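Coordinate analysis (summary)
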Amino acid sequence: MALFDCTCDATSGHARALTCTTAHGDFHTPMFMPVGTSATVKGITTSQLRELGSQVVLANTYHLAMRPGADLVAEAGGIHRFMNYDGPMLTDSGGFQVFSLADTVKLSDDGVTFQSIYDGSKIHWTPEENMRIQELIGADIAMQLDQCAPYPAAREFVAQAVDYSSAWARRCLAAHKRPDQTLFGIVQGGMHLDLRLESVRRLREIEEESLAAGGRRFGGYGIGGYSVGEDHEVMFETLGEVARACPEDRPRYLMGVGNPTTLVRAVREGVDMFDCVLPTRTARMGTAFSSTGRMNLRNAKFTRDFGPLDPACTCPTCRNHSRAYIRHLVKQNEMLGGILLSIHNLHYLIDLMRRAREAVLADAYEEFYEQWMASSAAKDY
C-alpha cells in the first residue's frame with residue numbers, strides 16, 4: 001500500500017495547490033473535509049459524499065473509541081470498510097473532545113485522564129495508547145494527542161499546553177508504526193505568536209531527531225487551538241505567520257474552521273486543509289450558505305418561493321427542490337429538510353475550495369480573493 005506523499009502543483013502568492021497521495025487515493029488542496037464524527041456525516045450517505053466531490057472525511061477517535069470501540073472497527077476491516085467509504089480518511093486524536101470536559105480532566109506528563117460521557121467510566125490515555133487506538137481505526141491520517149487551550153486563557157496555561165502537546169508529539173511519533181497511515185503534528189499556542197512559533201519549532205526539532213534516528217517525520221502540520229471562541233480577526237493576527245512557519249513541503253491543516261470567508265482568507269495565508277461541523281450543524285437548524293449570503297429557511301418570505309435554493313449552485317438539492325419545499329420541511333421538523341440543506345452546505349464549501357484551487361493553478365488567487373471579499377456572500381460570514 002502507498003505511503004503518504006505530497007507534491008506542490010502550484011502557488012499563487014502564499015496560496016498553494018497540493019496533491020497528496022494516500023493508500024486510499026489522492027486528494028487535492030485547498031480542500032474542505034466533511035466531519036463524520038461517529039463514522040457518519042450526519043444524514044449523508046457515503047455515495048452522496050462521493051457525488052458531492054468529498055475527498056477526505058473525518059472520524060472522531062474519542063467517540064469511536066467509546067462506541068463501538070476501536071477493536072470492533074478493526075474487526076470490521078477498519079474505518080473505511082466499517083462505513084463503506086473508499087476515499088482517504090482522517091481521525092482526530094479526540095483531544096478537543098477530552099479537553100472540552102474540563103471539569104473531569106486530569107493532566108500529567110504521562111497523558112490525560114478523563115470521564116467518559118457515555119458511561120461515566122474513568123479513562124487514561126497516554127500518547128502511545130492514543131496511537132494504538134488510531135492505528136486500529138485505520139484512517140489514512142492520524143493526529144497526535146494534544147492539549148487544546150480554550151479562549152480566553154492565561155498565558156501560563158497556554159504555555160503549559162504547548163509543553164504537553166510538544167512532549168506528547170514526540171511520544172506519538174515514536175509510537176506510531178502503521179505504514180499505510182501518516183501522522184500529523186499539531187501546533188498550539190493560543191493567540192500568542194511567540195508560543196505558536198515555539199510550538200512549530202519544537203515539532204520540527206522532534207521530527208529531525210526522529211529522522212536522524214531512522215524514524216519517521218510528520219506527514220503534515222495541524223494548526224489547532226483557533227476558532228475556540230475568539231473573534232476571527234484575532235485569529236488572523238497570527239495565522240499567516242504560523243502557517244508559513246510550518247514546512248513548505250507538507251499540508252497545513254487549520255482544524256475546526258468552516259466559515260466560507262475564513263476559508264478563503266486562510267488559503268491566502270498558506271493554509272491547505274479545513275474541517276468543521278458548521279455546514280451540517282447549521283443545516284439542521286434550517287440555515288443554508290448561498291452565493292448571496294446566509295439564508296434562514298424558517299423565514300416566511302420563502303413560503304411561496306418556488307425557485308431553487310441558490311440559483312448559482314449545481315448541487316442535488318438546488319437542482320431538484322424549491323425554497324418553498326425546503327422551508328416546509330424545516331417548519332415541519334422533517335428530517336429531510338436538514339438532509340437537503342446539509343447536502344447543499346457541504347457542496348457549497350467543497351466547491352468553494354475547488355474554485356480556490358483553480359485560481360491557484362491559474363496564478364490568480366489574489367483576484368479570486370478580492371472578488372470574494374467584494375461579494376455579498378462575504379459580508380454575511
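Scroll up to find the structure this text is about.
This is a predicted model, so every value here is computed, not measured.

Parameters at a glance
Residues numbered from 1 in each chain as written. Predicted model: local features only at pLDDT ≥ 70, side-chain atom pairs only at ≥ 80, totals over all residues. Heavy atoms only, no water. Helix = DSSP H or I, 4+ residues; strand = E, 2+ residues; numbered from the N terminus. Buried < 20%, exposed > 50% of the residue type's maximum accessible area, 1.4 Å probe, protein only. Contact = heavy atoms within 4.5 Å. Expected span 1.5 Å × (residues − 1). Arc of directions from axis to C-beta. Axes fitted to C-alpha atoms, helices over the stretch in contact; angles between N-to-C directions. Parallel < 35°, antiparallel > 145°, perpendicular 65-115°, else oblique. Left-handed = near helix turned anticlockwise from the far one by under 90°. Nonpolar A, V, L, I, M, F, W, Y, C, P; charged D, E, K, R; others polar. Polar contact = N/O pair within 3.5 Å; in protein donor to acceptor, adjacent residues only side chain to side chain. Salt bridge = Lys/Arg side-chain N within 4 Å of Asp/Glu carboxyl O. Pairing = 2+ DSSP bridges.

Inspection of the secondary structure assignment puts Ala378 in the segment after α16 (365-374). We classify Ala378 as buried; its relative accessible area is 10%. For the pair Ala378 and Arg294, spaced 84 residues apart in sequence, the C-alpha to C-alpha distance is 9.6 Å. When neighbours within four sequence positions are excluded, Ala378 is seen to be in contact with Thr261, Trp372 and Met373.

Glancing now at helix α8 (residues 193-212). The first and last C-alpha atoms of α8 sit 29 Å apart over 20 residues, in line with the 28 Å expected at 1.5 Å per residue. Here α8 has its buried residues at Leu195, Arg196, Ser199, Val200, Leu203, Ile206, Glu207 and Ser210. All buried residues of α8 fall inside an arc of 145 degrees around its axis, so they share one side. The exposed residues of α8 that point more than 90 degrees off its buried face are Glu208 and Ala212.

Our focus in this paragraph is the packing of helix α6 (residues 127-137) against helix α7 (residues 155-175). The relative placement of two packed helices comes down to the angle between their axes together with the axis-to-axis distance. The interhelical angle for the contact between α6 and α7, taken along N-to-C directions, is 45 degrees, at an axis separation of 8 Å. Here α7 runs oblique to α6, going by the angle between their axes. Between α6 and α7 lies a crossing of right-handed hand. Here Pro127, Glu128, Met131 and Glu135 of α6 come into contact with α7, specifically with Trp168, Arg171, Cys172 and Ala175. Residue composition of the contact of α6 with α7, by class: five nonpolar, no polar and three charged.

Here we take up the environment of Arg319. By the secondary structure assignment, Arg319 is in helix α13 (residues 316-320). Owing to a relative accessible area of 52%, Arg319 belongs among the exposed residues under this scheme. In contact with Arg319, not counting residues within four places along its chain, are Glu51 and Thr314. From its side chain, Arg319 meets the backbone oxygen of Thr314 in a polar contact 2.6 Å long.

Turning our attention to the pattern of salt bridges. Applying the stated rule across the entire model yields 24 salt bridges. Arg16 is the partner of Asp272 in a salt bridge, and the nearest nitrogen-oxygen pair spans 2.9 Å. Here Asp272, found in the loop between α11 (260-268) and β14 (273-275), pairs with Arg16, found in strand β2 (residues 15-22); they are 256 residues apart in sequence, far enough to count as distant. With relative accessibility at 0%, the residue Asp272 sits in the buried group. Under the relative-accessibility criterion, Arg16 is labelled buried at 5%. As a salt-bridge pair, Asp163 and Arg202 come within 2.7 Å of each other at their nearest N and O atoms. Here Asp163 is found in helix α7, whereas its partner Arg202 is found in helix α8, with 39 residues between them in sequence. On the basis of relative accessible area, Asp163 is assigned to the partly exposed category, the value being 34%. Residue classification places Arg202 among the partly exposed residues on the basis of a relative accessible area of 22%. The structure contains a network of salt bridges with shared partners spanning Asp163, Glu198, Arg201, Arg202 and Glu205.

Let us now look at the sheet that holds strand β4 (residues 31-33). Reading across from one edge, β4-β14-β13-β12-β11-β10-β6-β5 is the order of the eight strands in this open sheet, with parallel pairing throughout. One side of each edge strand has no neighbouring strand; the edge strands of this open sheet are β4 and β5 (57-60). In this sheet, adjacent strand axes meet at a mean angle of 25 degrees when their direction is disregarded. Note that strand β10 (residues 141-143) and strand β11 (residues 182-187) share three bridges and pair parallel. Looking at the pairing, Ile141 lines up with Thr182 of β11.

Purely geometric stuff here, so don't read any function into it on its own.
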